[in-house]
Amino acid sequence: MKELTLFKTKIIIKENLIKEVFDYLDKMSDIHIITDENVANLYLKELTISNFHTYIIKPGEESKNIDNYLNIQNQIISNNASRKSIIIGFGGGVVLDLAGFIASTLFRGVELVYIPTTIIGMIDASIGGKNGIDLKSYKNQIGTFYNPKYVFIDPKLLDTLPKKEYLCGLGEVFKTALIGDKLLFDSFKKGILLDESLIYKLVFIKANIVANDYYEENTRKILNFGHTLGHAIESKSNFKYKHGEAIIYGMIFALELGVKMELTNKKDYQEIKDLFYHYGLGLDDIVFKDYFDYIKYDKKKDKDEIDFVFLEEIGKPIIKKIKLL
């Protein structure tokens, strides 16, 4: 078992942890679990919690919308929730973002717990306090900063992850290593085993960045490496491209632009791209300029400029303001 604390969030990483979740919670609590159809069918029965209310959404980014937000809020209130209730987000990034937004706004904030079931959920969405919903097809336009009390990460839950979801998750795995740890990135050339040790290293990198800049006023922006164009690709494709794979293309674009601007070493760019291809990532022939018009909807823009993350070298990101493309 591995543990770390980020602000007031206790993050626990352990195989088969799902069977111990109730040991950490007040057994008399009023518990409300938000999940999706896939996770409900696979894992709800594994929870050792005896009594809880369940709210099930359809899997996919399209469910991270204002209708589900309002409908679930209404259902929770109808089930006699109070400010002492606990909301558990049990699923991938979509479920965690939605559950976190609901918890942060219900009665001005109730206790929140995350049980992530995907790679992106474990190393990204559950860490750092960001949550929210999309507005139409525009990513994360409405949200809050709100921290869970616990994040329970059980690597065994990845065993049932479909291959496509696993590959998508590698997008965030690579991003985290590329901005935070060259030795970790180099180790991926020998293979990737998402066990307690690797997940801890990835979570630690993000937690350390967040701890120094919670509200993303400065250095936390490096976590957006690949996300500026990546979010545009997600939105304009109507989420044909999932988050992780869109971020891969966003990183490739950032690397190409960095080479053109003489900010990124061409050798590093080729090394990174080759490793993406080795894992079967970034293979579609995407025309990047087809997605530029959606960058103007990025919530991080400032008038006609945006803070864009480049790699000076592996493990050394830099932030530069550029004109919206």
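Located above this text is the structure these notes cover.
Here the structure is a predicted model, which means the values were calculated and not measured.

1. A short note on unusual backbone geometry
In step 1: The phi dihedral of Asn80 is positive, around 60°, even though this residue is not glycine.
In step 2: Inspection of the secondary structure assignment puts Asn80 in the loop between α3 (66-78) and β5 (86-91).
In step 3: Classification of Asn80 as exposed rests on a relative accessible area of 67%.
In step 4: Its identity as a non-glycine residue notwithstanding, Asn238 has a phi of 55°, on the positive side.

2. Considerations on the layout of surface pockets
In step 1: In this structure, the second largest pocket encloses a volume near 170 Å³.
In step 2: As for the second largest pocket, its lining consists of Lys164, Leu167, Cys168, Tyr241, Glu245, Ile248, Tyr249, Gly280, Leu281, Gly282, Leu283 and Asp284.
In step 3: Class assignment for the residues of the lining of the second largest pocket results in seven nonpolar, two polar and three charged.

3. Remarks on empty space enclosed by the protein
In step 1: Applying the stated rule across the entire model yields three cavities of 30 Å³ or more.
In step 2: Its boundaries defined by the atoms lining it, the largest cavity holds a volume of some 100 Å³.
In step 3: Considering the residues around the largest cavity, the lining is formed by 13 residues, among which Lys139, His231, Ser235, Tyr297 and Asp298 are closest to the centre.
In step 4: In terms of residue count, the dominant contributor to the lining of the largest cavity is helix α9 (residues 227-236) (four residues).
In step 5: Leu6, Thr9, Ile11, Ser126, Ile127, Gly128, Gly129, Asn147, Pro148 and Val151 are the residues that line the second largest cavity.

4. Comments concerning the sheet that holds strand β11 (residues 305-313)
In step 1: Read from one edge to the other, the open sheet built from three strands follows the order β10-β11-β12, with strand pairing classed as antiparallel. Edge positions in the sheet fall to β10 (301-302) and β12 (316-323), since each of these pairs with one other strand and no more.
In step 2: Inspection of the sheet shows β11 paired to β12 by eight bridges, in the antiparallel sense. Bridge pairing links Leu311 to Pro317 in β12.

5. Comments concerning the pattern of salt bridges
In step 1: Scanning all chains against the criterion turns up 24 salt bridges.
In step 2: Here Lys182 ties to Asp186 by a salt bridge, and the two come within 2.9 Å at their closest N and O atoms. Residue Lys182 and its partner Asp186 are both found in helix α7 (residues 182-187); the two are separated by four residues, about one turn of the helix.
In step 3: Residue Glu271 pairs with Lys189 through a salt bridge whose shortest N-O separation is 2.5 Å. With Glu271 in helix α11 (residues 266-278) and Lys189 in the loop between α7 and α8 (196-212), this pair connects stretches of sequence that are 82 residues apart.

6. Details of the packing of aromatic side chains
In step 1: Applying the stated rule across the entire model yields 19 aromatic pairs.
In step 2: For the ring pair Tyr150 and Phe152, a centre distance of 5.2 Å and an interplane angle of 15° mean the geometry is stacked. Phe152 carries the same exposure label as Tyr150, and that label is buried.
In step 3: With a centroid separation of 5.6 Å and 80° between ring planes, the pair formed by Phe174 and Phe188 is classed as edge-to-face. With Phe174 in helix α6 (residues 163-180) and Phe188 in the loop between α7 and α8, this residue pair connects regions lying 14 residues apart in the sequence. Take Phe174 and Phe188: they sit in the same class, and that class is buried.
In step 4: Here a set of aromatic residues connected by ring pairs shows up, and it is made of Phe174, Phe185, Phe188, Phe276 and Tyr279.
In step 5: Directly above the ring of Tyr200 sits Lys2, whose terminal nitrogen or CZ lies 5.7 Å from the centroid.

7. A few points about α9
In step 1: Where burial is concerned, most of α9 is hidden: nine out of the ten residues are buried.
In step 2: Listing the buried residues of α9 in full gives His227, Thr228, Leu229, Gly230, His231, Ala232, Ile233, Glu234 and Ser235.
In step 3: Packed against the buried residues of α9 are β8 (138-145), α6, α10 (243-260) and β11.
In step 4: Looking one or two residues beyond α9, the residue adopting positive phi is Asn238, at roughly 55°.

8. Focus on α10
For an α-helix the count is 3.6 residues per turn, leaving residues at separations of three or four pointing the same way.
In step 1: Its 18 residues place the ends of α10 26 Å apart at the C-alpha level, agreeing with the 26 Å of an ideal helix rising 1.5 Å per residue.
In step 2: Immediately beyond the C-terminal end of α10, within one or two residues, lies Glu262, with a positive phi of roughly 60°.

9. A look at the nonpolar core
One recurring pattern in soluble globular proteins is that nonpolar side chains are buried together.
In step 1: The biggest cluster of nonpolar side chains holds 111 residues, and the ones touching the most others in it are Ile87, Ile88, Phe90, Phe174 and Phe188.
In step 2: It is α10 that contributes the most residues to this core, ten residues altogether.

10. Examining the sheet that holds strand β4 (residues 53-57)
Pairing between sheet strands relies on hydrogen bonds along the backbone, with the strands arranged either parallel or antiparallel.
In step 1: Within the open sheet, the seven strands sit side by side as β1-β2-β9-β6-β5-β3-β4. Their pairing is mixed. Pairing within the sheet leaves two strands with one partner each, and these edge strands are β1 (2-6) and β4. Each strand of the sheet is rotated relative to its neighbour by a mean of 15°, with strand direction disregarded.
In step 2: Of the pairings in the sheet, the one linking strand β3 (residues 31-36) to β4 comprises five bridges and is parallel in character. Counted as the bridge partner of His32 is His53 from β4.
In step 3: Each of β3, β4 and β5 is contacted by α3, which is oriented at about 165° to β4, the strand it contacts most.
In step 4: The strands that helix α4 (residues 93-105) touches are β3, β4, β5 and β6 (111-116); relative to β5, the one it contacts most, it runs at about 170°.

Conventions and cut-offs
Residues numbered from 1 in each chain as written. Predicted model: local features only at pLDDT ≥ 70, side-chain atom pairs only at ≥ 80, totals over all residues. Heavy atoms only, no water. Helix = DSSP H or I, 4+ residues; strand = E, 2+ residues; numbered from the N terminus. Buried < 20%, exposed > 50% of the residue type's maximum accessible area, 1.4 Å probe, protein only. 1 Å grid on protein atoms, 1.4 Å probe; cavity = no way out; pocket = protein on both sides within 12 Å on 5 of 7 lines; lining within 4 Å. Points joined across faces, edges and corners; volume = space filled by probe spheres on them. Nonpolar A, V, L, I, M, F, W, Y, C, P; charged D, E, K, R; others polar. Pairing = 2+ DSSP bridges. Salt bridge = Lys/Arg side-chain N within 4 Å of Asp/Glu carboxyl O. Phe/Tyr/Trp six-rings, centres within 6.5 Å; stacked < 30°, edge-to-face > 60°. Lys NZ or Arg CZ within 6 Å of the ring centre and 35° of its normal. Contact = heavy atoms within 4.5 Å. Expected span 1.5 Å × (residues − 1). Core = buried A, V, L, I, M, F, W, Y, C linked by side-chain atoms within 4.5 Å. Axes fitted to C-alpha atoms, helices over the stretch in contact; angles between N-to-C directions.

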